[in-house]
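# Remarks on the overall topology
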Amino acid sequence: MNGAGTAPSAPTPDALYEAGLGHMRAERYLDAQICCQQALAIDSSHADSLHLMGLLSFQAQQYDHAVEWIARAIRQNPRPEYLVSLGMTLRSQGRHQDALNTINKAVELRPDDTPNCGDISAMPC
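Residues numbered from 1 in each chain as written. Predicted model: local features only at pLDDT ≥ 70, side-chain atom pairs only at ≥ 80, totals over all residues. Heavy atoms only, no water.

Okay, the packing of helix α2 (residues 29–42) against helix α3 (residues 47–59) next. Running from amino to carboxyl end, α2 crosses α3 at an angle of 150°, the nearest separation of the two axes being 9 Å. With respect to each other, α2 and α3 are oriented roughly antiparallel. The chirality of how α2 crosses α3 is left-handed. Within the contact between the two elements, α2 uses Y29, A32, Q33, C36, Q37, A39 and L40 and α3 uses S49, L50, L52, M53, L56 and Q59. Taken together, the residues of the contact of α2 with α3 sort by class into nine nonpolar, four polar and no charged. (Axes fitted to C-alpha atoms, helices over the stretch in contact; angles between N-to-C directions. Helix = DSSP H or I, 4+ residues; strand = E, 2+ residues; numbered from the N terminus. Parallel < 35°, antiparallel > 145°, perpendicular 65-115°, else oblique. Left-handed = near helix turned anticlockwise from the far one by under 90°. Contact = heavy atoms within 4.5 Å. Nonpolar A, V, L, I, M, F, W, Y, C, P; charged D, E, K, R; others polar.)

Judged by nonpolar contacts, the single largest core of 27 residues is most densely connected at M24, L52, L56, I74 and L86. Elements represented by at least two residues in this core include exactly α1 (13–25), α2, α3, α4 (63–76), α5 (80–92) and α6 (96–109). The biggest single contributor to this core is α3, with seven residues. For L52, the contacting residues outside a window of four places in its chain are Y17, G20, L21, M24 and C36. (Core = buried A, V, L, I, M, F, W, Y, C linked by side-chain atoms within 4.5 Å. Buried < 20%, exposed > 50% of the residue type's maximum accessible area, 1.4 Å probe, protein only.)

Now for the environment of Q38. Position of Q38 relative to the elements: it lies in helix α2. What makes Q38 partly exposed here is its relative accessible area of 40%. Along the chain, Q38 and P11 lie 27 residues apart, while their C-alpha atoms are 9.1 Å from each other.

Attention now moves to unusual backbone geometry. Unlike most non-glycine residues, E27 shows phi in positive territory, near 65°. Checked against the element boundaries, E27 lands in the loop between α1 and α2. The exposure class of E27 is exposed, given its relative accessible area of 58%. We note that Q61 has phi near 60°; this positive angle belongs to a residue other than glycine. Mapped onto the fold, Q61 is located in the loop between α3 and α4. Under the relative-accessibility criterion, Q61 is labelled exposed at 59%.

The subject of this paragraph is the side chain of S49. Relative to the helices and strands, S49 is located in helix α3. When near neighbours in sequence (up to four residues on either side) are disregarded, S49 contacts P13, Y17, C36, A39 and L40.

According to the stated counting rule, one finds zero disulfides in the structure shown. The closest cysteine sulfur to the non-disulfide-bonded C36 is located on C35, 7.0 Å from its own sulfur. Here C36 falls in the buried class, since its relative accessible area comes to 0%. (Disulfide = S-S within 2.5 Å.)

Turning our eyes to something else, we now look at the packing of α5 against α6. Two elements in contact, α5 and α6, have axes separated by 8 Å at closest approach and are oriented at 170°. One element, α5, and the other, α6, form an angle in the roughly antiparallel class. Handedness of the crossing formed by α5 with α6: left-handed. Residues P80, L83, V84, L86, G87, L90 and R91 of α5 form the contact with α6, whose own contacting residues are H96, D98, A99, T102, I103, K105, A106 and L109. Partitioning the contact of α5 with α6 into residue classes produces nine nonpolar, three polar and three charged.

Written as structure tokens, this is what we have:
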């Protein structure tokens, strides 16, 4: 069969997130943002896309927006790497005690078999 008459399948939030992550790594930030927006239009609670929007906001030094996006991701799935991102954003806002508390929470949640993020001063983890 040549595929005639079959509609291409719609991209999934996971696929759009992966594309967005690739764009971010290649420093194509607008393309990354568009991918995240498309993923969130399909699934507004897609934690990885929420987190990536936070990282993009962090990169643009829009720390208030970064906190909001990352906090939304944490509400969906409190992953240690999301907490590290939030901690680094809080630190950038001068909220050092909040940042320390958040990083400590990330350490508490980190399972022993999860790879260590290494130097937490570098984002993203």
